[in-house]
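Architecture and fold: a report
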Amino acid sequence: MARVTRRNVLKSGAALVGGMAGILATGRAPAFAQGTTVHWLRWNDFVPASDQLLRKELLPAAEKALGIKINLETVNGNDLQPRITSAIQSGSGPDIIMLFNNHPQIYSESVVDLSDIAGRVSEAEDGYYDLCKSNSVDGQKWISLPWTIVGAMIAYRKSWFDEVGSSTFPDTWEKYREVGKKLKAQGRPIGQTLGHTFGDAPTFSYPYMWSWGGTEVEKDGKTINLNKKEVIESVKFMTAFWKEAHDEGGLAWDDTNNNRAFLSQTICATLNGASIYIESLRNPDKYITEKGTQLKTDIQHSPLPKGPAGQFAMHTYFSHVIPNYSKNQDGAKALLKWIHTKANYEPWFVSQKGFATPPTHEWEKHKLWEEDKVMAPFKIAGRLGQTPGYPLPSSGKKAAEVLTKYIITDMYAKAVQGATAEDSVKWAEVELKKIYT
Amino acid sequence: MAIAETQVYTPQAPRPKVRLLEDERWLALVLLVPTLVLLGTFIAYPFLRGILLSVTDARVGVPGGFVGLANFYKIFNDGIFRTSVYNTFIYTGVTTVFKLALGLWLALLLNRNFRGKAFTRAFILLPFIIPTVLSTFAWKWMFDPTFSVINWLLYHLGLITGRINWLGDPDLAMISIIIVNIWRGVPFFAISLLAGLQTISPELNEAAAIDGARPWQRFWYVTWPLLLPVTMVVVLFSVIQTFADFQIVYVMTGGGPANATHLFATYAYQIGIGTGLLSEGAAISLAMFPVLFLVVIIQLLYIRRVEVR
């Protein structure tokens, strides 16, 4: 056995330091990391079968067709933004990253121009919906490639609404509040998040505000006029509506809580993608109503009710960016091209069972939409719906900052927590002014 | 010439082999290098980067230009930042008092002789050993708005009729994160103070008892003064860690509802990493520094005074 001496220890220490210095000087890890592996970062799909399909069938087929390796990583949706920020700052990370709504605008300087692929897909599939362009174009080029739109509709318990005398879904906020009041009195409140979560919070708070006549910015893109009668009214209404008709735990909900609450039958209605209904289809015998019937037979979908200024919607939009630090941009582009051909995208779309509406008009003709009437409203989700920053035609960096800071959602959440409507609106206006002026 | 010749023929002393590392000064330097590199890489460099970032208008992917103290001006006029400052002080203050009181109490109990002492001492450490994120997720479920087991228990015990909105109400959410922090921190206080208690000679307490001191007097006049230096160090560590806490709040509330439970670290993260406003995020986290620096100075001075005495 070798004798351990001070000299030996110092020598091996020096060798280790020298080796590390070599790695640091060349800036690269030892050679095993070579070869084209495309690292794709996505959310954990609310329809888990689609992630399975990607892993087991679609990506192996893509690997074979393109001669690359694909490393699919899925994370909680709310963790995508922190991941891309740290990846861009450190200059290394996934080659393709999924982002929500107008978030790509925040990273426009750090991502690859995808106009060529977008142009091809749009041409082949009868054009993108307007909301795709608003979220994914930075004024000149496509900074992210549209992937899908998850339509936000209110999932509600048909029989419970019938029982309180509402055979059709209430079409105005006033009526919805009245019905909700009766249902909450029976221990069946409406479930809505006003928390910091990417999907269900803004897809409620933005259209709600728009429907009362409020906008985060005026058409000139500079003037902020939030602190006005209509918006204060909307906040006052929301505060009372919350107390009278909502599950008050919603302030702390993320995008998954309302699914669990609805499926465990503690709430009568919630704004959501169709994931609740799809889960009830997938496990029909697991979810049984108090009458002994399958829950799936008692779920219907409706758009948000109308307000004094009209009826609005905002749907959660998904797209992919290729950060420009990526060493595998060609491989990443090849993969996006491959997955966006009709033949390859279709199995994924079908596995979503209507939860995801494709970003182009072409897919409205797909037979999937005829299979289940409950899912029919989602077919045209892409045609309807505004984007953050409305009434601006394009949702830019500033609107993206407002969205990621949850200012509109917090305006309502603050009031619901006890602040006055006037103070909440004033606070939101100050925050908006900081961003827009 | 003569001189040169003399030099040539002068017999030279055998040249000593240079063994640099046998010179203690060089050896000391070499041995210090790894620590200096580590401190430089992981503490000094990020700290300086943070300062540089905070005086620019850098956003994610955009280096930005120098803006002086504009970011600090901006955050001091930001209501959410002020709430975060207030929350951080409340969070640190309240949890430290409870952690110290409960930790001390537990340490005094554990310092007695009883059956299963070793097992109990190990068991007490569990909250501190389990990774914080995991245990906090368990707590999150216990405080879940719909499925809270605490509510279920209170309801079935007949103590409440409706649900307690633990994480949806700003005050209750703050109380919830404080509870979790105390739960997690008490074992650290208990075990550290127990170690301190064991260094105190039992003879001192016995002598005091013989002199007629009651248990409370023995604690107050004998144990507590001797335990004070250890307590100060433990409190110092805890204050620093709690002040800069991130995990518990991030997992439990994400700073919500509506920014009501943000601390320095979570708000800096939301602005810097979430929204991508790196310079503002850096300014928020740097705002913590003077406070922590002051705490460290005061406590270290106090410890030195106690030791000198």
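Further up the page is the structure itself.
Residues numbered from 1 in each chain as written. Chains lettered and ligands numbered in written order. Predicted model: local features only at pLDDT ≥ 70, side-chain atom pairs only at ≥ 80, totals over all residues.

**Concerning the overall build of chain A**
When helices and strands are tallied, chain A shows 17 helices and nine strands. In summary, chain A has a C-alpha radius of gyration of 24 Å against a globular reference of 22 Å for 437 residues, a match within 12%. In terms of principal-axis extent, the alpha carbons of chain A reach across some 85 × 55 × 50 Å. Within chain A, buried positions represent 51% of all 437 residues. For chain A, restricting intrachain contacts to residue pairs at least 6 apart in sequence, the fraction spanning at least 24 positions comes to 76%. (Helix = DSSP H or I, 4+ residues; strand = E, 2+ residues; numbered from the N terminus. Rg over C-alpha atoms; globule rule 2.2 N^0.38 Å. Buried ≥ 20, exposed ≤ 12 C-beta atoms within 10 Å, placed from the backbone. Contact = placed C-beta atoms within 7 Å.)

**What to know about the interface of chain B and chain A**
Taken together, the 23 residues of chain B in the interface contact 31 residues of chain A. Counting only elements with at least two residues in the side of chain B that touches chain A, the list comes to α9 (170–198) and α13 (264–274) of chain B. Split by residue class, the side of chain B that touches chain A holds 10 nonpolar, 12 polar and one charged. (Nonpolar A, V, L, I, M, F, W, Y, C, P; charged D, E, K, R; others polar.)

**Comments concerning the pairing of strand β3 (residues 96–100) of chain A**
Residue and element names in this part refer to chain A. Most of β3 sits out of view: five of its five residues are buried. Judged by which residues are buried, β3 turns out to be covered on both faces: Ile 96, Met 98 and Phe 100 on one side and Ile 97 and Leu 99 on the other are all buried. Here two bridges tie strand β1 (residues 37–43) to β3, and the two strands are oriented parallel to one another. Following the sheet pairing, Trp 40 is matched in β3 by Ile 96. Inspection of the sheet shows β3 paired to strand β9 (residues 316–321) by four bridges, in the antiparallel sense. Bridging from a neighbouring strand, Ile 97 pairs with Val 321 of β9. (Pairing = 2+ DSSP bridges.)

**Considerations on the sheet that holds β1(A)**
Residues and elements named next belong to chain A. Strand order in the open sheet made by the five strands is β2-β1-β3-β9-β4, with mixed pairing throughout. Two strands lie at the open edges of the sheet, namely β2 (69–75) and β4 (145–150), each paired on one side alone. Along the sheet, successive strands turn relative to each other by an average axial angle of 20 degrees, direction set aside. (Axes fitted to C-alpha atoms, helices over the stretch in contact; angles between N-to-C directions.)

**A short note on the nonpolar core**
In this structure, A:Ile96, A:Ala155, A:Val235 and B:Ile284 are the most contacted members of the largest nonpolar core, which totals 170 residues. With 11 residues, the single largest contributor to this core is α9(B). Summarising the domain contributions, this core has at least three residues from each of domain 1 (36–150 + 315–378) and domain 2 (153–314 + 405–436) of chain A. Sequence-distant contacts of A:Ala155, defined by excluding residues within four places in its chain, comprise A:Phe262, A:Ala269, A:Thr270, A:Asn272, A:Ile276, A:Tyr277, A:Ile299 and A:His301. (Core = buried A, V, L, I, M, F, W, Y, C linked by C-beta atoms within 7 Å. Domains from an automatic or database assignment.)

**Re the sheet that holds strand β5 (residues 153–157) of chain A**
Residue and element names in this part refer to chain A. Taking strand neighbours across the sheet as the criterion, the four strands line up as β6-β7-β5-β8 in an open arrangement whose pairing is mixed. Of all strands in the sheet, those with a lone pairing partner are β6 (190–191) and β8 (299–302), marking the two edges. Examined bridge by bridge, β5 and strand β7 (residues 269–272) share four bridges and lie antiparallel to one another. Bridge pairing links Ala 155 to Thr 270 in β7.

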